[in-house]
Amino acid sequence: MNLPSRPRQPSRAATAPNTNQGPSLSAQLLAVARALQDVRQGQSARAVLGGVEPALRAGVQALLMDVLRVLGTAEAVRAELAPRKPASAVDALLCTALALLLPEVPRYDAFTVVNQAVDAAKKRSATKSQSAFINGCLRSFLRERDDLLRAVAQEPVAQYNHPQWWLGRLQKDYPQDWQAIVAANNAQAPMALRVNLQRCSRADYLALLDEAGIEAVVGVGEAGLVLTRGVPVDQLPQFAQGWVSVQDSAAQMAAPLLLDGLQPHDGRALHVLDACAAPGGKTAHLLEAATPQRPIDMVALEIDAKRAERIGDTLARLSLQADVVVASGSEVASWLPAVQARHGLQQFDAILLDAPCSASGIVRRQPDVRWLRRATDIAQLAAIQRQLLEALWPLVVPGGRLLYCTCSVFHEEGEGQVAQFLRRHADAQRLPAPGHLLPQLREAGHNSLGSLARDHDGFYYALLHKPLR
Ligand SMILES: C[S@@+](CC[C@H](N)C(=O)[O-])C[C@H]1O[C@@H](n2cnc3c(N)ncnc32)[C@H](O)[C@@H]1O
């Protein structure tokens, strides 16, 4: 945490409490505080934001993400200012305003935040009677900010903005790199794109972006791009027509890892199973990588019926096709016979197992994740990952392969899981794959183009080959 040496000046964003066009800051603060209350009760930020009225949603989303990134500091400061924890609605509004007053979040002039937070408090029955208390706390913070920040800087949760158990796990798994991982988690991720090579080349799409005034650099693989500034997807040329998708650079490594060098011998289509497929980002990438010489027959499995609908939406936009099956990858008997009959197959040439995980590698995109997870979740998730690996490995044809991946940096969900699997399965051989990829903190000069091109989330990849008998 950087301590400011002098009071912060009015900053880059709005300093006025309201404009003629947009909703007032107090209305946004009220909605952010309600959303924070819901997240604290266990709901994901994505689900909560879905319920925010459309006119407020974009602003509330941006502010909520900022608040969640510094929530550990804000809560520690609140505890200094008000040792007896206020009622949940009051605490959520107070912590929201404190977060927006921290030096890491220079969005608004400090007095604007204070005044608008007090206005917000007066608008809600659950906070109305505490508006003077909120005003007092926030003004105390402005007066004593440096001392308060120095006091809480000694507490790891306040300093690093991650739960204690999470920091402990990172320290154990990465004694050298844990602080760099935490710093990357607290930064904002760039917007990465994957060009649909069935529709156009990367060079042609770059030219389209250039025409639209959107600056981008070449990213991973044959289809990756990274924007120097994120834009709403509807501003991306030909997005609705399926020429491009938004996907982090680490996730874009899955399709080439699984497919490169794999060719069915008899000229038939490659039988591919995406075993945990929703919302279908990697299913789509695999299908985009099909060629006339290597057509792909895709089965996309997903346990959650609602999420499975999103695979259909993803594929429809991109004009791609898969057999979407709602079932559990670990209960093979419930879906395999019907799939075998429909596709005329016995086993799969390639299986992608993008397993459910803690999502500890993508917290820079989903800053709520760190506050929602519990320490005990990791062992439970590792048990599910193990069941899926055990159930799916027999479905790989000899000569075929399984790509195991998670968007986690924790060893128990990555290297630890795969090392145990290899000890149990003499018929599994490792092929080259990146292993644990760590989220990157961009180098000095921040948006330096080379640094952007190499930026990615935290991820884990292991490629397992089943030799011919
Ligand atoms: C990491 S996400 C997959 C992301 C997806 N591969 C993509 O790139 O868009 C994991 C998915 O696995 C699903 N899932 C969890 N347990 C499962 C199981 N036993 N069988 C099949 N799907 C499962 C979850 O509902 C979730 O949609």
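Residues numbered from 1 in each chain as written. Predicted model: local features only at pLDDT ≥ 70, side-chain atom pairs only at ≥ 80, totals over all residues. Heavy atoms only, no water.

A look at helix H3 (residues 54–69)
Every α-helix carries 3.6 residues per turn, so stepping three or four residues along brings you back to the same face.
Part 1 of the reasoning: For H3, spanning 16 residues, the distance from its first C-alpha to its last is 23 Å, which sits close to the expected 22 Å at 1.5 Å a residue.
Part 2 of the reasoning: Of all the bends in H3, the greatest, near 30°, is centred on Val 60.
Part 3 of the reasoning: Every buried residue of H3 is accounted for by Leu 56, Val 60, Leu 63, Leu 64, Met 65, Asp 66, Val 67, Leu 68 and Arg 69.
Part 4 of the reasoning: Packing partners of the buried residues in H3 comprise helix H1 (25–40), helix H2 (45–50), helix H4 (71–81), helix H5 (88–100) and helix H17 (369–372). (Helix = DSSP H or I, 4+ residues; strand = E, 2+ residues; numbered from the N terminus. Expected span 1.5 Å × (residues − 1). Bend = angle between axes of the 7 residues up to and from the residue. Buried < 20%, exposed > 50% of the residue type's maximum accessible area, 1.4 Å probe, protein only. Contact = heavy atoms within 4.5 Å.)

A closer look at the confidence of the model for the protein chain
Part 1 of the reasoning: Across the protein chain, the average pLDDT comes to 93, with 94% of residues at or above 70.
Part 2 of the reasoning: Note on residues 1–19: pLDDT is under 50 here. Beyond four places in sequence and across chains, it has 45 contacts. (pLDDT = per-residue confidence, 0-100.)

Quick notes on unusual backbone geometry
Part 1 of the reasoning: In this chain, Ala 278 is followed by Pro 279 through a cis amide linkage whose omega measures 5°.
Part 2 of the reasoning: Tracing the backbone through its elements, the reader meets Pro 279 in the loop between strand S5 (270–274) and helix H14 (281–288).
Part 3 of the reasoning: One non-glycine residue, Asn 161, lies in positive phi territory at about 55°.
Part 4 of the reasoning: Inspection of the secondary structure puts Asn 161 in the loop between helix H9 (156–160) and helix H10 (164–173).

Focus on the side chain of Thr 283
Part 1 of the reasoning: As for its placement among the helices and strands, Thr 283 is situated in helix H14.
Part 2 of the reasoning: Within the local environment of Thr 283, its side chain forms a polar contact with the side chain of Asp 274, the two groups lying 2.7 Å apart.
Part 3 of the reasoning: The contact partners of Thr 283, leaving out residues within four places of it in the chain, are Asp 274, Ala 277, Met 298, Ala 300 and Ala 322. (Polar contact = N/O pair within 3.5 Å; in protein donor to acceptor, adjacent residues only side chain to side chain.)

Side note on the UniProt feature "active site" (unreviewed entry) in the protein chain
Part 1 of the reasoning: Residues given the UniProt feature "active site" (unreviewed entry) here are Cys 407.
Part 2 of the reasoning: Among the secondary structure elements, Cys 407 is positioned in the loop between strand S9 (396–406) and helix H19 (415–424).
Part 3 of the reasoning: The exposure class of Cys 407 is buried, given its relative accessible area of 16%. (UniProt positions renumbered as here; feature names shortened; annotations may be inferred.)

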